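If you want the building blocks of each chain, they are given just below.
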Amino acid sequence: MFNFKDAFLFLALFASTGVFAAPSLTYQLSVDPDDSDKVIVTADTSGLEQVEIIPARALASAVQPLISCQLPSGKITALDQSSPQKCQQIQWSLKMEHTSEQGMDISQQIDSRSIDEGWYFVSEWNSLPRVKGSSEIRVCTPERNCQTIPELSEPPLFVVWGMESTELNINDMKVTVFSDAPQVMLQVEQWKPVLETSLRYLNSVFSNTQRQDWQMAFFKKDRSSGSLSGAAGQNMILINAWIAQGKLTSVSLKMLLKIAAHESVHVLDSASRPTWAAESLAEYYAIKSLQTTPYAADEPTRFWLSFAQKFPFSKTGLVEANRLYNEQGAGQYYPLFYFKGSAFWYELDSALNHTGSSLDSLMSQLNFETDGRLSPEFVNAVSEKIGDREWTEISRRYL
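Rules and cut-offs
- Residues numbered from 1 in each chain as written.
- Predicted model: local features only at pLDDT ≥ 70, side-chain atom pairs only at ≥ 80, totals over all residues.
- Heavy atoms only, no water.
- Helix = DSSP H or I, 4+ residues; strand = E, 2+ residues; numbered from the N terminus.
- Buried < 20%, exposed > 50% of the residue type's maximum accessible area, 1.4 Å probe, protein only.
- Contact = heavy atoms within 4.5 Å.
- Areas by Shrake-Rupley, 256 points an atom, 1.4 Å probe, with all protein chains shown as cover.
- Lys, Arg positive; Asp, Glu negative; His and termini not counted.
- Charge placed at Lys NZ, Arg CZ, Asp CG, Glu CD.
- Phe/Tyr/Trp six-rings, centres within 6.5 Å; stacked < 30°, edge-to-face > 60°.
- Lys NZ or Arg CZ within 6 Å of the ring centre and 35° of its normal.
- Salt bridge = Lys/Arg side-chain N within 4 Å of Asp/Glu carboxyl O.

## A few points about the overall build of the chain
So, point 1. Per the secondary structure count, the chain includes ten helices and 18 strands.
So, point 2. Along the first, second and third principal axes, the C-alpha set of the chain runs to 80 × 65 × 40 Å.
So, point 3. Expressed as a percentage of the 399 residues in the chain, the buried residues total 48%.
So, point 4. A separation threshold of at least 6 residues defines the contact pool for the chain, and within that pool the share at least 24 residues apart is 61%.
So, point 5. Looking at the chain as shown, the accessible area adds up to about 20,000 Å², and 49% of this sits on carbon and sulfur atoms.
So, point 6. Charge-centre separation for the chain: the mean point of 33 positive side chains lies 3 Å from the mean point of 46 negative side chains.

## Some points on the environment of Leu-152
So, point 1. Mapped onto the secondary structure, Leu-152 falls in the loop between β12 (146-148) and β13 (158-161).
So, point 2. A C-alpha to C-alpha distance of 37 Å links Leu-152 and Glu-299, two positions 147 residues apart in sequence.
So, point 3. With residues up to four places along the chain from it excluded, the contact list for Leu-152 reads Arg-57 and Arg-130.

## Comments concerning the packing of aromatic side chains
So, point 1. A full pass over the atoms with the stated rule returns 28 aromatic pairs.
So, point 2. Ring centres of Trp-191 and Phe-218 lie 5.6 Å apart, and the angle between their planes is 70 degrees; this geometry places the pair in the edge-to-face category. Of this pair, Trp-191 sits in helix α3 (residues 188-205) while Phe-218 is found in strand β16 (residues 214-222), placing the two residues 27 residues apart along the sequence. Across the pair, exposure class does not vary: Trp-191 and Phe-218 are buried alike.
So, point 3. The positively charged end of Arg-57 is found above the aromatic ring belonging to Trp-125, 5.9 Å away from the centroid.

## A few points about the pattern of salt bridges
Here the idea is simple: oppositely charged side chains can pair when their charged atoms come close.
So, point 1. For the coordinates displayed, the defined rule picks out 16 salt bridges.
So, point 2. In this structure, Glu-327 and Arg-323 form a salt bridge, with 2.8 Å as the shortest nitrogen-oxygen distance. Of the two residues, Glu-327 and Arg-323 are both situated in helix α7 (residues 318-328); the distance of four residues between them amounts to about one turn of the helix.
So, point 3. By relative accessible area, which is 57% here, Glu-327 ends up exposed.
So, point 4. On the accessibility criterion, Arg-323 (32% relative accessible area) is partly exposed.

## Quick notes on unusual backbone geometry
So, point 1. Phi angles above zero are rare outside glycine, and Arg-144 is one such case at about 65 degrees.
So, point 2. One can find Arg-144 in the loop between β11 (136-140) and β12.
So, point 3. With relative accessibility at 76%, the residue Arg-144 sits in the exposed group.

Everything listed here is a matter of coordinates, which is why it stays silent on function.
And the structure:
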């Protein structure tokens with residue numbers, strides 16, 4: 001006689017052991033042997049009852065990869081992304097853009113390769129659709145460096161291969177640094193200990209217990225281009241290294257280290273903060289983390305006073321700039337988050353230091369209202385240290 005109770009227990013046992021758990025997939029990347037400008041993505045989906053695709057995250061363009069499906073019969077057909085199918089394997093190709101002589105434009109975050117240096121860069125944007133129902137999707141390079149595709153609420157995945165690399169040890173976390181610039185790697189013994197010291201300090205301030213290892217990629221950019229940028233993905237930070245007449249100058253190295261520290265704060269800081277605070281804290285603490293090194297930057301207040309004389313929106317408070325940016329997409333206010341914001345934290349930290357305290361010690365109390373204002377609890381904690389009058393003067397100048 002069929003026993004429903006036993007059947008239920010049997011199913012529960014299998015579920016607890018993971019037999020019925022959602023399967024994980026591996027996206028294996030390889031360079032098309034017949035076309036070096038194409039990267040092939042292959043995934044074994046034979047363990048799935050059917051394949052249903054979630055489109056890749058889109059940036060700038062809505063174009064999605066054309067995916068092929070190998071049927072159980074062995075026949076290969078185009079995957080109908082609007083209708084689930086049984087596929088033994090799925091595959092698609094990614095077209096690589098060639099980097100210019102001036103170097104890679106990080107802000108574009110598009111799939112790229114260098115003909116001269118032989119490296120490849122693949123971005124999740126418009127390139128890596130997801131298979132619905134998979135518990136985890138790992139993306140593996142030809143060098144067998146594998147990374148997990150993040151949640152849709154998290155920053156995108158970036159992967160590189162074909163570059164020289166070195167490893168940093170940050171409080172038992174491994175940070176792998178890639179670079180396509182020989183000038184950077186030739187000076188590795190000069191910048192590596194400085195960056196390690198900087199990141200260890202930042203990790204002590206922004207202690208993200210969920211963060212394990214992460215990566216950085218330094219892409220050379222000719223200084224004559226006039227542009228320099230950085231970007232933080234879920235697993236990797238992208239940073240331009242300015243090369244002037246074939247050389248990495250001390251000024252370029254200083255900027256490289258500051259951007260690396262800034263973007264690392266975004267990796268290490270797991271708190272939810274308004275845009276103005278997230279960017280200004282990253283900028284201020286990047287500067288602070290390097291202040292005792294040969295690559296110390298100017299005091300943020302000094303830089304802000306000079307910048308404010310030329311910037312047309314300098315009188316706008318940080319909270320109001322944050323509102324305009326969020327509600328209207330007013331990007332013209334974004335520089336305030338970097339320069340006015342870092343000056344605010346510097347001045348507040350200096351005032352706290354005079355009382356024997358510091359901003360570091362108050363980070364656990366640093367919270368915000370829904371409109372971007374500092375929480376009353378944090379304001380009270382600061383006022384108790386530096387006094388109501390000084391807090392009022394500082395907040396009026398910046399907030």
